[in-house]
Amino acid sequence: MAEPTANKKSKIITLLKAARLERPLIPLSSIVLAAGFANKINLDILILMVCCVLMYAVGGIVNAKIDNDYKIKHYKLTIFILFSVSILLSLYNYLIFLTVLASLLLGFIYSRFSRHILFGDSAVLALTHSTLPIVSASLILSLSLNKTLLLAGFMFVAIFLVSTMKNLNGVEDDIKRGYKTLMTSGKNGKWITAVLLNAYFI
């Protein structure tokens, strides 16, 4: 009995790693940022946050499967369940529903196209991690247009700059997969990445 239990536990841990559940902290922070400026939080925002985590898990599992980072069993069923739960929850508010659909579209663009275009992955990640959650939360909480644009624009630039850091590792794998990053596009990739990261910190 011990071996099957250990095997099941190992599969669950692998699935959690593939879902990259630590990374939704950025979009969740973006939602909280908008809520902070609106000085309000409600059930709609909490549902938006849950849907955000679920959709990020869907994207993480899809990308893990495409990149062959983990051996995931029943990944299609897992994706279907997570997405279905997210859709059902999003029906509470049409803005959340549209956000889930937009997240699905951006996830598809990221997985299929953006990583083959220089800075494409950074742009889509910035949209997914900051712009979309901030705009959605701002609309739900009736935050002013000026504040919404200011927050979304500022956070887009910040995430765009810092996301280049993720390409410092796994360069050989990125070359094999045909991904276009600063590190795979030329000799000055590391130097340019350092400049962008310093710009982010500034």
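Shown above is the structure to which this text applies.
Trainee: I keep staring at the overall build of the protein and nothing clicks. Help me out?
Mentor: The number of helices and strands found in the protein is ten helices and zero strands. Each helix (α) and strand (β) of the protein, taken in turn from the N terminus, gives the series α-α-α-α-α-α-α-α-α-α. For the protein, the proportion of contacts with a sequence separation of at least 24, taken over those separated by at least 6, is 72%. Approximately 11,900 Å² of the protein is accessible, and the part contributed by carbon and sulfur atoms is 68%.

Trainee: Which parts of the structure should I look at to understand the packing of aromatic side chains?
Mentor: In this description, an aromatic ring pair is defined by two values, namely the gap between the centres and the angle between the planes. On inspection of all chains with the given rule, the structure shows four aromatic pairs. Measuring from centroid to centroid gives 6.1 Å for Phe-156 and Phe-160, while their planes differ by 25°, and the two rings are stacked. Here Phe-156 pairs with Phe-160, and both are found in helix H7 (residues 145-162), just four residues apart, close to one helical turn. For Phe-156, a relative accessible area of 26% gives the class partly exposed. Ring pairs connect the aromatic residues Phe-119, Phe-156 and Phe-160, which therefore count as one cluster.

Trainee: Explain the nonpolar core here, please?
Mentor: Most often, soluble globular proteins keep nonpolar side chains buried together rather than apart. Core analysis: the largest hydrophobic core is formed by 18 residues, its most contacted members being Ile-31, Ile-45, Leu-48, Ile-96, Ala-137 and Ile-140. At the level of elements, helix H2 (25-38), helix H3 (43-66), helix H5 (94-112) and helix H6 (120-140) are the ones that each hand at least two residues to this core. In terms of residues, this core owes the most to one element, H3, which gives seven residues. Apart from residues no more than four positions distant in its own chain, Ile-140 is found in contact with Asn-42, Asp-44, Ile-45, Leu-48, Asn-93, Leu-95 and Ile-96. Listed in part, the seven residues of the second largest apolar core include Ile-134, Leu-143, Ala-152 and Ile-159.

Trainee: Can you help me understand the packing of H2 against H6 in this one?
Mentor: What describes two packed helices is the angle between their axes and the distance between those same axes. At their nearest, the axes of H2 and H6 sit 8 Å apart, and the two run at 30° to each other. The handedness of the crossing between H2 and H6 is right-handed. The residues of H6 that touch H2, namely those facing Ile-26, Pro-27, Ser-30, Ile-31, Leu-33 and Ala-34, are Thr-128, His-129, Ser-130, Pro-133, Ile-134, Ala-137 and Ser-138. For the contact of H2 with H6, the residue count by class is eight nonpolar, five polar and no charged.

Trainee: What exactly am I supposed to notice about the side chain of Ser-30 here?
Mentor: With respect to the element layout, Ser-30 can be found in helix H2. The exposure class of Ser-30 is buried, given its relative accessible area of 1%. Sequence-distant contacts of Ser-30, defined by excluding residues within four places in its chain, comprise His-129, Ser-130, Pro-133, Ile-134 and Met-155.

Trainee: Teacher, can you tell me more about the environment of Ile-79 here?
Mentor: Along the chain, the position of Ile-79 falls in helix H4 (residues 75-90). Taking the C-alpha atoms as reference points, Ile-79 and Leu-54, separated by 25 residues in sequence, lie 9.3 Å from one another. Setting aside residues no more than four positions away along its own chain, Ile-79 makes contact with Val-58, Ile-61 and Val-62.

Criteria and cut-off values
Residues numbered from 1 in each chain as written. Predicted model: local features only at pLDDT ≥ 70, side-chain atom pairs only at ≥ 80, totals over all residues. Heavy atoms only, no water. Helix = DSSP H or I, 4+ residues; strand = E, 2+ residues; numbered from the N terminus. Contact = heavy atoms within 4.5 Å. Areas by Shrake-Rupley, 256 points an atom, 1.4 Å probe, with all protein chains shown as cover. Phe/Tyr/Trp six-rings, centres within 6.5 Å; stacked < 30°, edge-to-face > 60°. Buried < 20%, exposed > 50% of the residue type's maximum accessible area, 1.4 Å probe, protein only. Core = buried A, V, L, I, M, F, W, Y, C linked by side-chain atoms within 4.5 Å. Axes fitted to C-alpha atoms, helices over the stretch in contact; angles between N-to-C directions. Left-handed = near helix turned anticlockwise from the far one by under 90°. Nonpolar A, V, L, I, M, F, W, Y, C, P; charged D, E, K, R; others polar.

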